[in-house]
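# Working through the structure, step by step
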Amino acid sequence: MRVSVLQMNAGHDKAENIAQAARLASGALAQDRPGIVALPEMWTCLGGDRAAKFAAAEELPPHGANAPGGPAYEFLRGIARDNGIFVHGGSIGERSGERLFNTTVMFDPLGREIARYRKIHLFDIVAPDGTGYRESATFGGGGEVVTCTVDGTTVGCAICYDVRFPELFLALRRAGAELIIVPAAFTLQTGKDHWEVLLRARAIETQCWVAAPATWGRHTDGGGGARFTYGHSLVCDPWGQVVARTSDGVGWATARVDPALTARVRRDTPVLDH
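It should be emphasised that the depicted structure is a prediction, and the values quoted were computed from it without experimental measurement. (Residues numbered from 1 in each chain as written. Predicted model: local features only at pLDDT ≥ 70, side-chain atom pairs only at ≥ 80, totals over all residues. Heavy atoms only, no water.)

## Some points on the overall build of the chain
Keep this limit in mind: Put simply, DSSP marks the helices as runs of H or I at least four residues long and the strands as runs of E at least two long, and each gets a number from the N terminus on. Three exposure classes are used, based on accessible area relative to the maximum for each residue type with a 1.4 Å probe and protein chains only: buried under 20%, partly exposed in between, and exposed over 50%. By the convention used here, residues are in contact when the closest approach between their heavy atoms is within 4.5 Å. Areas reported here follow the Shrake-Rupley algorithm with a probe of radius 1.4 Å; residue values treat only the protein chains shown as occluding. The charge count includes Lys and Arg as positive and Asp and Glu as negative, but it does not include His or the ends of the chains. A charge is said to be at NZ when it belongs to Lys, at CZ for Arg, at CG for Asp and at CD for Glu.
Within the chain one finds six helices and 18 strands. Dimensions along the principal axes, computed over C-alpha positions, put the chain at roughly 50 × 45 × 35 Å. In the chain, buried positions account for 57% of the 274 residues. Residue pairs in contact within the chain that sit at least 24 positions apart in sequence constitute 67% of those at least 6 positions apart. Carbon and sulfur atoms form 50% of the exposed surface of the chain, whose accessible area is close to 11,100 Å². Positive and negative side-chain charges in the chain, numbering 28 and 30 respectively, have mean positions lying 1 Å apart.

Here it is as structure tokens:
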């Protein structure tokens, strides 16, 4: 099974973001023929003020209902159905009454939603350059560990800041995960020091493949200031080796998820048994 992680330079123009995602997905499908395409965190609306986030967010149909959704939801479903692949939608803004959630949706090759995950750990920090982030001022937090099955492989869901909480990743492993997908909009300041280290650590601890599509570059925050995300989307194997990555700029990386390697790593170092 091949997985492609898309790296976008998203802003708060939803229509342009969808068009950019379409171009990248088409390129990855034409060149690498993946079975899974995965998008970054909040790729539909990165930056902007609270009103812009609410405007870009979508009310999702009931999980499992296979009912129509909003433009981003239907775009993701269309990629899956039209190409006969699985699509991990990164995360989009989910509107639920007066609340927003940072939410993953995943679709099977028939365009049916097979997973929905609301980000559990919200990014409320001060970065090393003094910039403050308070995700909880806009978004609510989820509370469920979520997996789904892709061609016999159990896939676990996490989003960005979740990567700093190994307990969630251990819970995903105990739920059967073999591949964990971690869409992100990691800040430049934290990403340059922690992004790869954290992802490799989670792969080593869980003995899972980790695929991490990310946003890259400049966007504008709600006050008109410049914010920068790190990018460097990657895939690492259960031994913690990075087997595919992007550099700066938009693009994608593709790797083959090999279940035989997963089995060998888990057999030779049976940490879960210990």
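## Quick notes on the side chain of Asn 102
Convention followed: Distance and chemistry together define a polar contact, namely a pair of N or O atoms within 3.5 Å, with one atom able to donate a hydrogen and the other to accept it when in protein, and with adjacent residues in sequence counting only for side-chain atoms on both sides.
Summarising the element assignment, Asn 102 is placed in strand E5 (residues 99-107). Separated by 2.5 Å, the side chains of Asn 102 and Ser 91 make a polar contact. Asn 102 has contacts with Glu 41, Met 42, Ser 91, Ile 92, Tyr 117, Arg 118, Lys 119, Glu 135, Phe 139 and Ile 159, leaving out every residue within four places of it along the chain.

## Description of the state of the cysteines
So the rule is basically this: Cysteine sulfur atoms are paired as a disulfide whenever they come within 2.5 Å of each other.
One pass over the full model with this rule turns up zero disulfides. Counting only cysteine sulfurs, Cys 157 is the nearest neighbor of Cys 160, a cysteine outside any disulfide, at a range of 15 Å.

## So, the environment of Gly 222
Along the chain, the position of Gly 222 falls in the loop between strand E14 (216-220) and strand E15 (226-230). In this structure the C-alpha to C-alpha distance between Gly 222 and Gly 47, which are 175 residues apart in sequence, comes to 6.3 Å.

## Some points on the packing of aromatic side chains
Selection criterion: Pairs were defined over the aromatic rings of Phe, Tyr and Trp, the Trp ring being its six-membered one, requiring ring centres within 6.5 Å. Orientation was assigned from the angle between planes: stacked under 30 degrees, edge-to-face over 60, tilted for the rest.
Across all of its chains, the model carries four aromatic pairs by this definition. With 5.8 Å between their ring centres and 55° between their planes, Trp 43 and Phe 75 make a pair best called tilted. Placement of the pair is Trp 43 in the loop between strand E2 (36-38) and helix H2 (50-56) and Phe 75 in helix H3 (residues 71-83), with a sequence separation of 32 residues. By the burial criterion, Trp 43 is buried, and Phe 75 matches it.

## As for the packing of helix H4 (residues 166-174) against helix H5 (residues 188-206)
Any two packed helices are characterised by how steeply their axes cross, that is the angle between the axes, and by the distance between the axes. Quick note on the threshold: To obtain an axis, a line is fitted to C-alpha atoms, over the contacting stretch when the element is a helix, and the angle between two such axes runs from 0 to 180 degrees between their N-to-C directions. The cut-offs work like this: below 35 degrees is roughly parallel, past 145 is roughly antiparallel, 65 to 115 is roughly perpendicular, and the gaps in between are oblique. Note on convention: the crossing is left-handed when the near helix lies turned anticlockwise from the far helix by less than a right angle, right-handed when the turn is clockwise. Throughout, the ten residues Ala, Val, Leu, Ile, Met, Phe, Trp, Tyr, Cys and Pro are labelled nonpolar, Asp, Glu, Lys and Arg are labelled charged, and all others, Gly among them, are labelled polar.
Orientation of H4 relative to H5, taken along the N-to-C sense of each, is 40°, at an axis distance of 10 Å. As far as their axial angle goes, H5 and H4 are oblique. Handedness of the crossing formed by H4 with H5: right-handed. Across from Pro 166, Phe 169, Leu 170 and Arg 173 in H4, the residues of H5 making contact are Arg 202, Glu 205 and Thr 206. Taken together, the residues that form the contact of H4 with H5 break down as three nonpolar, one polar and three charged.

## Things to note about helix H1 (residues 14-32)
Put simply, the rule is: The span one expects for a helix is its residue count, reduced by one, times 1.5 Å.
Here H1 is 19 residues long and its end C-alpha atoms lie 26 Å apart, about the 27 Å a rise of 1.5 Å per residue gives. Along H1, the residues that are buried comprise Lys 14, Asn 17, Ile 18, Gln 20, Ala 21, Leu 24, Ala 25, Gly 27, Ala 28, Leu 29 and Asp 32. Tucked into the core, H1 has its buried residues touching strand E1 (2-7), E2, H2, H3 and strand E18 (251-256). One side-chain oxygen of the residue at the start of H1 lies 3.2 Å from the amide nitrogen of Ala 15, identifying that residue as Asp 13. Following H1 by one or two positions, Arg 33 adopts a phi angle in the positive range, close to 50°.

## A short note on unusual backbone geometry
Phi angles above zero are rare outside glycine, and Asn 66 is one such case at about 55°. One can find Asn 66 in the loop between H2 and H3. The exposure class of Asn 66 is partly exposed, given its relative accessible area of 47%. With phi around 45°, Cys 160 is a residue other than glycine that occupies positive phi space. Mapped onto the fold, Cys 160 is located in the loop between strand E11 (153-157) and H4.

## Topic: the pattern of salt bridges
Applied cut-off: Salt bridge, as used here, is a side-chain nitrogen of Lys or Arg placed within 4 Å of a carboxyl oxygen of Asp or Glu.
Under the counting rule described, the total for this entry stands at 16 salt bridges. Here Glu 94 makes a salt bridge to Arg 118, at a shortest N to O gap of 2.8 Å. A residue pair is termed long-range when its members are at least 10 positions apart, and Glu 94 in strand E4 (residues 92-96) and Arg 118 in strand E6 (residues 113-118) qualify at 24 residues. The salt bridge involving Arg 256 is made with Asp 258; its shortest N-O contact spans 3.9 Å. In the salt-bridge network here, residues are joined through shared partners; they are Glu 41, Lys 119 and Glu 135.

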